[in-house]
2 protein chains.
Amino acid sequence: MAQLRIALAQTNPAVGDLTANADKLVEWTRRAADRGAHLAVFTEMFLTGYPVEDLVLRNSFVEASIAAVEAAARRLAEEGLGEIPVVVGYVDRADRAPRVGQPKGAPLDAAALLYRGQVVARTAKHHLPNYGVFDEYRYFVRGDRLPIFRLHGVDVAIAVCEDLWQDGGPVAVAAEAGAGLLVVPNASPYEREKDDVRLELVSRRAREAGCALAYANQVGGQDELVFDGDSIVVSASGELVARAARFTEELLVTDLDLPEATYGGLGSFEVDAGDGTVITVERLELSARPLEPYDPEPPSVAGHLDDTAEVYSALVLAVRDYVAKNGFRSVILGLSGGIDSALTATIASDAIGPDRVHVVLMPSRYSSDHSLGDAQELVDRQGVNARVVPIAAMVEAFEKELSLTGLSEENLQARVRGMILMGLSNEHGHLVLTTGNKSELATGYSTLYGDSAGGFAPIKDVLKTLVWELARWRNAQAGVESEFLHGFAVPPIPENSITKEPSAELRPGQRDTDSLPEYDVLDRLLDDYVEKDMGSASLVAAGHDPDLVARVIRLVDLAEYKRRQYPPGPKITPKNFGRDRRLPITNRWRETAP
Amino acid sequence: MAQLRIALAQTNPAVGDLTANADKLVEWTRRAADRGAHLAVFTEMFLTGYPVEDLVLRNSFVEASIAAVEAAARRLAEEGLGEIPVVVGYVDRADRAPRVGQPKGAPLDAAALLYRGQVVARTAKHHLPNYGVFDEYRYFVRGDRLPIFRLHGVDVAIAVCEDLWQDGGPVAVAAEAGAGLLVVPNASPYEREKDDVRLELVSRRAREAGCALAYANQVGGQDELVFDGDSIVVSASGELVARAARFTEELLVTDLDLPEATYGGLGSFEVDAGDGTVITVERLELSARPLEPYDPEPPSVAGHLDDTAEVYSALVLAVRDYVAKNGFRSVILGLSGGIDSALTATIASDAIGPDRVHVVLMPSRYSSDHSLGDAQELVDRQGVNARVVPIAAMVEAFEKELSLTGLSEENLQARVRGMILMGLSNEHGHLVLTTGNKSELATGYSTLYGDSAGGFAPIKDVLKTLVWELARWRNAQAGVESEFLHGFAVPPIPENSITKEPSAELRPGQRDTDSLPEYDVLDRLLDDYVEKDMGSASLVAAGHDPDLVARVIRLVDLAEYKRRQYPPGPKITPKNFGRDRRLPITNRWRETAP
């Protein structure tokens, strides 16, 4: 056997910031070297950030990425880090004649091996995901190489992200080529309970490849995506060896005992990839002889996060990164006394500290006494910045000019509030947080340019029943201080905001249940209709009330336009009404009752 | 030779309305039969409408489509139309085991041949477009069959849309199989001057296939896409035989002299498609003997539309269909006296008639006298419904509560106007038209939830210089009445709205050139940066001012969030800031000066 100490850099790049990402590459490679690592592995498209979407169709961007990876190799050597091989993702381009349907410039979701000042090997993702949030056939052409480099006597192969999720391709070829370790840069976004799937997958592919597997994943928020880290090292038999924490940067350093390479030749040869394609294996040698035996460090295995903690951490990280990466210093939101805005304010306080959170209490003639009181109590508990702006005078100014009634009048109030927040945002530079939840967004229970105004919507993918669960969970953490929890000594959310009956308070005595079913009934139905794409016959067969099925389907379908206008927010489920569910606005298809 | 009279149904389906589309199928087949046609060809996915986006991932939708095509075959026979073969597009599914990365249920962009009450042949698009507005790898799996049916002694092959645009595949196989006619259902959206490309393509593919080619295209507006018709018939040598009008429904009936089929066998055989795949040719016979010779009708060739007329027609059709297909009866917009809102109002009048157009004049303390006067003059010229709502009192109500200055105060005025329009829309059911142009949208020269509020933005893909050109063109058509022009006796747009200097009038003496360069300079730069994706070095090399390049790139990049929140509008260029240019919001990439 041969030993290797590998360092997986689970880091948070900034999309498009090639300079900052390159600085981070050097900094984390130094940390890996300081820990005595023999190999450092960064994440997918680390130098450019992921995903860069249509930027990749711009020639100048691809050129900049290619220049950046070459400059990074030189710089590592100049800074005395040339002896540690570094695997890092970036964007490259394939040398192919243009053709219809192939993205302009034939970009590659590439990974490079940097060593002694040079880019000594290049590869690119073979399997391109094109489902869910991924549109990679739009952006990339398929990679068709598998570099295997010998490092201290171990043959190390490189594959990229989706290559693990599909059958055939690089994993199969790595097995055939007898690799001793497969390293895989990833940018795999968070979804609830995905960590369980991920470990199972990584273990299975290690067994298929017949070698240990090191999976390095991105961490951080990027618009609607949250990358959760969870980098993993497994043995050739698929046993978990080491695992990084979730939602936080970590250098995962692991000592491995790996088989010593026996294959004699170098150079290239073609292998049937088992998926209808041919992959060229490229063998190169960095160092042939195994290291002298050394004492390994004990591997690090992060503890498990329960489902609620996991969701809450994802939301906090998403808000923190959206604020920082877009250059904001503070946020503002309307605080109604209800649970949605209370939870949003709390997430914001945990993300950037209550001193950078500004709330506006905007009572109307229909606001109940408890609303202002509950909102004020949250302000007192969290110490956020607060001001009160009653909306009556503004609403009356519109009413004097326009005769609005019923829903139009309700919308008017919501829009006056939206305008106040946007005005204060423009004047003071705060990011407006939108406080709507997924149950509202699904059914269109919101006002366009009113409560839906803003720059980021932290709970847009959180169903109402989960809003309450998160609020209770957060209050139960009172006294805990962590990377995701501000150290509030008391429960930060007023109990009454959690327990009282939900109301938009846009007319006297209004309750959500005037327009919507009870949330536990509604949310179960939304989950089946939206997440599972069940048709009406299946919904009824699953036990949902037929009238409710027809009514809710109609509400959801008609709200498509509103959802398109909604701000982005962190995705925690497969269908978050952002990138994951794209319906025509003009659409006459309705599920009919069976 | 053998004769055939073919009828191409260039029609306007409604997305998701399987019942209405099936009714239209019967109605147009009857019209084809009444004209003595021997074959009717409808457009791509005609029964479901195109594009249906994520609807296709819902099993119940695919099942409904398959049921609809079978019901349509039966109904045609019941209504005495069973003897005319009908080619029609719909959604089917492939019989394949699910796998990662393949859309759920393996949907097919299919076409069926209906005859004597049965679906006698099925095929599906082989080449799936996945660029520009198309995401078809997300939605469909590849078809791998080419049906060839013998009709009155002629072998007729069926391919679908993109199969014409890419090399190899069905066209190559049709040539090898010796087809006498290739019929192609399409849903090919409008772009400026695409008609020239299309005829050249159709001619080339006819020569490659070695047979006549009949290209039937969809017409009508569907959210951001406008389908322009332009159905074409060419001979085997690629000569134009017949051509339908643009932007309007038409049954294009054409008599063709075609080679009599000589191939003896029926049944299936596999052919190398020349693109790395294998296609199964399926031969069937409807009628073996050529028709008795008859006198052909002269072919119909629609006249050419010049570029300005073409754009204007596209915008009118887009507004008309968005209004109708979404169930609105009227529109409302703010009329400032400036050219953008004047042109938008005129397009609306041409689309649905001035009696269904409502305009609101919303003067502020900064409005110049000519603004109200020019707006009033448009009202008089067009006879649209108008009301005046001064905004001063509403603006003051906000100012009393909030201390807003500078840009915040300017935005406030724009938002008060947006709220007025939305309030009147909610109260009276009008669709709000947003009046911003592409130069504004590109540079972020608009107010979120202010002038960008609304449901549909007719000129969002029209650069300011083209706005002026369209206005002048439209005025020059005064007195003309057509499907796209209301018969205004006088030029509908006040001359002063066209000639005066553009201003947002949000502060005293404001002019667009305070913030932006002259529009002829800006628009040329935007075209190079946005449409051509040129980097800053290329832009400067092309003669653009280096400082302006840096400034405009920054403006364009920072406005991404605003553009995402903008209402949909008709696409007339490759990059319409809707489906065609998808950048991350959180993005630190900036083109740097060379």
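Residues numbered from 1 in each chain as written. Chains lettered and ligands numbered in written order. Predicted model: local features only at pLDDT ≥ 70, side-chain atom pairs only at ≥ 80, totals over all residues. Heavy atoms only, no water.

An unreviewed UniProt entry annotates chain A as Glutamine-dependent NAD(+) synthetase originating from Planomonospora sphaerica. Of chain A, the UniProt comment under Function (unreviewed entry) reads exactly: "Catalyzes the ATP-dependent amidation of deamido-NAD to form NAD. Uses L-glutamine as a nitrogen source." UniProt lists a comment for chain A under the heading Catalytic activity (unreviewed entry), and it reads "deamido-NAD(+) + L-glutamine + ATP + H2O = L-glutamate + AMP + diphosphate + NAD(+) + H(+)". (UniProt positions renumbered as here; feature names shortened; annotations may be inferred.)

Moving on: the UniProt feature "binding site: L-glutamine" (unreviewed entry) in chain A. Residue and element names in this part refer to chain A. Look at the UniProt record and you will see "binding site: L-glutamine" (unreviewed entry) annotated at Tyr 131, Ser 188 and Lys 194. Following the sequence through the fold, Ser 188 ends up in the loop between strand E8 (181–186) and helix H5 (194–209). Judged by relative accessible area, which is 3%, Ser 188 ranks as buried. Setting aside residues no more than four positions away along its own chain, Ser 188 makes contact with Trp 165, Lys 194, Arg 198, Tyr 215, Asn 217, Phe 227 and Asp 228. Here the side chain of Lys 194 touches Ser 188 through a polar contact of 3.3 Å, side chain to side chain. (Helix = DSSP H or I, 4+ residues; strand = E, 2+ residues; numbered from the N terminus. Buried < 20%, exposed > 50% of the residue type's maximum accessible area, 1.4 Å probe, protein only. Contact = heavy atoms within 4.5 Å. Polar contact = N/O pair within 3.5 Å; in protein donor to acceptor, adjacent residues only side chain to side chain.)

In this assembly, 87 residues from chain B lie in contact with 87 residues from chain A. Of all residues in chain B, Arg58(B), Thr586(B) and Trp589(B) bury the most surface against chain A, accounting for 11% of the area lost on that side. Taken together, the links from chain B to chain A amount to eight salt bridges. Measuring nitrogen to oxygen at the nearest pair gives 3.7 Å for the salt bridge that ties Arg588(B) to Asp17(A). At the surface where chain B touches chain A, the tally comes to 39 residue pairs in polar contact (both at pLDDT 80 or more). Of all the secondary-structure elements, those providing two or more residues to the side of chain B that touches chain A are helix H2 (59–78), helix H3 (136–139), helix H6 (307–325), helix H9 (392–401), helix H10 (406–428) and helix H18 (560–564) of chain B. Here the side of chain B that touches chain A is built from residues that sort into 42 nonpolar, 21 polar and 24 charged. (Buried area = accessible area lost by both parts, 1.4 Å probe. Salt bridge = Lys/Arg side-chain N within 4 Å of Asp/Glu carboxyl O. Nonpolar A, V, L, I, M, F, W, Y, C, P; charged D, E, K, R; others polar.)

Next up on the list: the environment of Glu505(A). All names here are of chain A. Here Glu 505 is to be found in the loop between helix H13 (495–499) and helix H14 (519–531). Looking at Glu 505, the relative accessible area reads 14%, which means it is buried. Taking the C-alpha atoms as reference points, Glu 505 and Glu 410, separated by 95 residues in sequence, lie 8.9 Å from one another. Residues in contact with Glu 505, not counting those within four places in the same chain, are Ser 364, Tyr 366, Ser 367, Ser 368, His 370, Ser 371, Gln 413 and Gln 510. Looking at Glu 505, its side chain comes within polar contact range of the side chain of Ser 368, at 2.5 Å. For Glu 505, the side chain forms a polar contact with the side chain of Ser 371, separated by 2.6 Å.

Moving on, we come to the UniProt feature "binding site: ATP" (unreviewed entry) in chain A. Residue and element names in this part refer to chain A. UniProt feature "binding site: ATP" (unreviewed entry): in the numbering of this structure it lies at Gly 334, Leu 335, Ser 336, Gly 337, Gly 338, Ile 339, Asp 340, Ser 341 and Thr 435. Spanning 102 residues, the annotated positions come together in the fold, the maximum distance between their C-alpha atoms being 11.9 Å. Counting through the fold element by element, Gly 338 comes out in the loop between strand E17 (331–334) and helix H7 (339–352). Beyond its immediate sequence surroundings of up to four residues, Gly 338 is in contact with Ser 497 and Lys 500. Structurally, Ser 341 is set in helix H7. For Ser 341, a relative accessible area of 4% puts it in the buried group. Sequence-distant contacts of Ser 341, that is, excluding residues within four places in its chain, are made with Leu 333, Gly 334, Leu 335, Ser 336 and Thr 435. A polar contact of 3.1 Å, which involves the side chain of Ser 341, links it to the backbone nitrogen of Ser 336.

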